[in-house]
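What the coordinates show
What follows is the residue order along each chain.
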Amino acid sequence: MSDRAVLHVRGRVLVGPDEVRDELWVIDGRVSYDRPAGACDVRTVEGWAVPGLVDAHCHVGLDQHGAVPDDVAEKQALTDREAGTLLIRDAGSPSDTRWIDDREDLPKIIRAGRHIARTRRYIRNYAWEVEPEDLVAYVAQEARRGDGWVKLVGDWIDRDLGDLSACWPRGAVEAAIAEAHRLGTRVTAHCFAEDSLRDLVEAGIDCVEHATGLTDDTIPLFAERGVAIVPTLVNIATFPALADGGESRFPRWSAHMRRLHERRYDTVRSAYDAGVPVFVGTDAGGALSHGLAAAEVAELVTAGIPPVEALAATTWAARAWLGRPGLDEGAPADLVVYDQDPRADVRVLAAPRRVVLNGRVVG
Ligand SMILES: [Zn+2]
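The rules behind the values
- Residues numbered from 1 in each chain as written.
- Predicted model: local features only at pLDDT ≥ 70, side-chain atom pairs only at ≥ 80, totals over all residues.
- Heavy atoms only, no water.
- UniProt positions renumbered as here; feature names shortened; annotations may be inferred.
- 1 Å grid on protein atoms, 1.4 Å probe; cavity = no way out; pocket = protein on both sides within 12 Å on 5 of 7 lines; lining within 4 Å.
- Points joined across faces, edges and corners; volume = space filled by probe spheres on them.
- Nonpolar A, V, L, I, M, F, W, Y, C, P; charged D, E, K, R; others polar.
- Helix = DSSP H or I, 4+ residues; strand = E, 2+ residues; numbered from the N terminus.
- Donors = N, O, S within 2.8 Å, 3.2 Å for Na, K, Ca; no water.
- Buried < 20%, exposed > 50% of the residue type's maximum accessible area, 1.4 Å probe, protein only.
- Polar contact = N/O pair within 3.5 Å; in protein donor to acceptor, adjacent residues only side chain to side chain.
- Contact = heavy atoms within 4.5 Å.
- Axes fitted to C-alpha atoms, helices over the stretch in contact; angles between N-to-C directions.
- Parallel < 35°, antiparallel > 145°, perpendicular 65-115°, else oblique.
- Pairing = 2+ DSSP bridges.
- Core = buried A, V, L, I, M, F, W, Y, C linked by side-chain atoms within 4.5 Å.
- Domains from an automatic or database assignment.
- Buried area = accessible area lost by both parts, 1.4 Å probe.
- Salt bridge = Lys/Arg side-chain N within 4 Å of Asp/Glu carboxyl O.

Under the annotation held in an unreviewed UniProt entry, the chain carries the name Amidohydrolase and is attributed to Streptomyces parvulus. Under Sequence similarities (unreviewed entry), UniProt gives the following word-for-word description of the chain: "Belongs to the metallo-dependent hydrolases superfamily."

Enumeration over the complete set of coordinates arrives at two cavities of 30 Å³ or more. The residue inventory of the lining of the largest cavity, partitioned by class, reads five nonpolar, two polar and one charged. Of the pockets and cavities examined, the second largest cavity occupies roughly 30 Å³. Lining the second largest cavity, in full, are His210, Ala211, Thr212, Pro231, Leu233, Ile236, Arg264, Thr267 and Val268. Counting only elements with at least two residues in the lining of the second largest cavity, the list comes to α6 (233–236) and α9 (264–274). Here the element with the most residues in the lining of the second largest cavity is α9; it accounts for three residues.

Attention now moves to the environment of Val348. Relative to the helices and strands, Val348 is located in the loop between β18 (335–338) and β19 (354–357). Remark: the alpha-carbon pair of Val348 and Tyr338, spanning ten residues in sequence, is separated by 6.8 Å.

Donor atoms from the polypeptide that coordinate the zinc ion comprise His57 (NE2), His59 (NE2) and Asp283 (OD), at 2.0 to 2.1 Å from the metal. The motif formed by the donor residues of the zinc ion, counted along the single chain, is H-x1-H-x223-D. Here His57 is found in strand β5 (residues 53–58), whereas its partner Asp283 is found in the loop between α9 and α10 (293–303), with 226 residues between them in sequence. Residue classification places Asp283 among the buried positions, given a relative accessible area of 12%.

Right, let's get into the side chain of Gln76. As for its placement among the helices and strands, Gln76 is situated in helix α1 (residues 70–82). Within the structure, Gln76 has its side chain in polar contact with the backbone nitrogen of Gly61 (distance 2.7 Å). The residues contacting Gln76, other than those within four sequence positions of it, are His59, Val60, Gly61, Leu62, Val68 and His290.

With that out of the way, let us pick up the packing of helix α7 (residues 239–246) against helix α8 (residues 251–262). Put simply, α7 and α8 touch, their axes get as near as 8 Å, and they point 170 degrees apart. By the angle between their axes, α7 is roughly antiparallel relative to α8. On the side of α7, the interface is formed by Phe239, Pro240, Leu242, Ala243, Asp244 and Gly246, while α8 contributes Pro251, Trp253, Ser254, Met257, Arg258, Leu260 and His261.

Attention now goes to the pairing of β18. Here β18 shows a buried face lined by Leu335 and Val337 and a second buried face lined by Val336 and Tyr338. Bridge count between strand β4 (residues 39–51) and β18: four bridges; the pairing is antiparallel. Looking at the pairing, Ala49 lines up with Val337 of β18. Alignment of β18 against β19, held across three bridges, turns out to be antiparallel. Following the sheet pairing, Val337 is matched in β19 by Arg354.

Attention now goes to the nonpolar core. Core analysis: the largest hydrophobic core is formed by 76 residues, its most contacted members being Leu135, Ile205, Phe222 and Leu300. Each of domain 1 (6–51 + 326–361) and domain 2 (53–321) gives at least three residues to this core. Not counting residues within four places of it along the chain, the set of residues in contact with Phe222 comprises Leu197, Val201, Val208, Leu214, Val227, Ile229 and Val276.

Here we take up the domain arrangement of the chain. When the domains of the chain are assigned, the result is domain 1 (6–51 + 326–361) and domain 2 (53–321). Domain 1 puts 23 residues into the contact, and the matching count from domain 2 is 21 residues. Together, the buried faces of domain 1 and domain 2 total about 1800 Å²; carbon and sulfur atoms form 70% of this surface. When the buried surface of domain 1 facing domain 2 is broken down by residue, Val346, Leu349 and Leu357 rank first, second and third, together holding 30% of it. Across the contact surface, domain 1 and domain 2 share two salt bridges. Between Glu104 and Arg360 there is a salt bridge, with its nearest N and O atoms 3.3 Å apart. Applying the counting criterion to the domain 1 and domain 2 interface returns seven residue pairs in polar contact (both at pLDDT 80 or more). Taken together, the residues of the side of domain 1 that touches domain 2 sort by class into 17 nonpolar, three polar and three charged.

The strand order across the open sheet built from three strands is β5-β8-β9, with neighbouring strands paired in parallel fashion. Since the sheet does not close on itself, it has two edges, and those belong to β5 and β9 (108–111), each with one partner. On average, each strand axis in the sheet is tilted by 20 degrees relative to the strand beside it, whichever way the strands run.

Written out as structure tokens, the structure reads:
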């Protein structure tokens with residue numbers, strides 16, 4: 001008969017987009033919907049509660065120059081936490097951040113290992129840079145290092161061509177994705193342009209990052225096969241500045257980046273309308289700062305996704321997609337509490353009232 005410290009969350013608990021409860025209890029760090037007997041030292045938190053936000057494209061342990069020391073990675077994770085992001089799909093990092101798994105006070109991370117890119121076809125110091133004949137071996141290696149995902153760089157500027165182009169021949173991606181799936185790992189790829197998408201989807205890829213190059217030709221393919229996209233619109237917003245910087249050396253690339261940027265909202269909206277699963281990802285950790293999940297949700301709404309669906313893309317739906325629980329009975333109590341209903345106006349996500357991670361109020 002031990003007296004236990006508990007947390008009582010009252011108000012509106014959004015267990016699902018349409019499933020609302022009046023309260024939940026946190027006992028031993030886990031969610032319960034039964035008022036605990038013998039509870040003492042009850043702390044009450046009131047407001048609108050949702051599952052901890054998901055940033056499905058984030059990089060911890062990385063900045064614009066490459067790997068960073070652990071204390072910097074810790075600050076990145078804390079910035080995400082403060083913003084209510086409690087589950088991260090790390091979309092590629094050269095750092096070993098496995099130590100974060102032992103820290104109950106830091107967001108949970110689902111890793112995709114280190115990016116795998118074609119030689120000299122990605123940002124310096126980020127990726128393993130390999131040729132097609134070595135792709136399968138590197139995919140197997142990163143599948144073993146990660147947490148169920150591997151990350152390919154599907155396209156990048158080809159400096160001889162002066163434009164974006166696909167990085168891998170069809171046969172190489174077919175073999176690589178087959179190998180990942182044999183190992184029980186899902187595959188995602190960075191793709192800005194149009195020309196890599198069909199091969200990747202037909203080879204069985206599970207997700208595409210950015211996906212700015214989706215067109216009426218490829219959107220039905222994604223929809224039919226249920227291939228998810230993580231648009232990272234807060235990152236796509238930097239395309240015009242990148243285009244300006246590369247204008248003199250690579251005018252074709254520059255014009256291409258501008259076109260992709262100009263139609264970004266239409267692209268996302270068309271994909272969503274066709275039934276392509278869309279999830280929130282910020283691409284924090286390269287050039288972008290951490291803690292931008294709320295801003296990305298707002299961008300998805302600007303693109304035309306209904307607010308409750310944009311919210312789902314960082315809460316219920318994103319967690320289901322990643323195989324992690326939401327506010328289910330017995331699940332780790334990872335939740336964020338807001339002053340108002342975020343389904344009605346997603347801008348409330350920018351200012352969490354309380355952040356609860358593993359049952360502890362951390363913000
Ligand atoms: Zn990224």
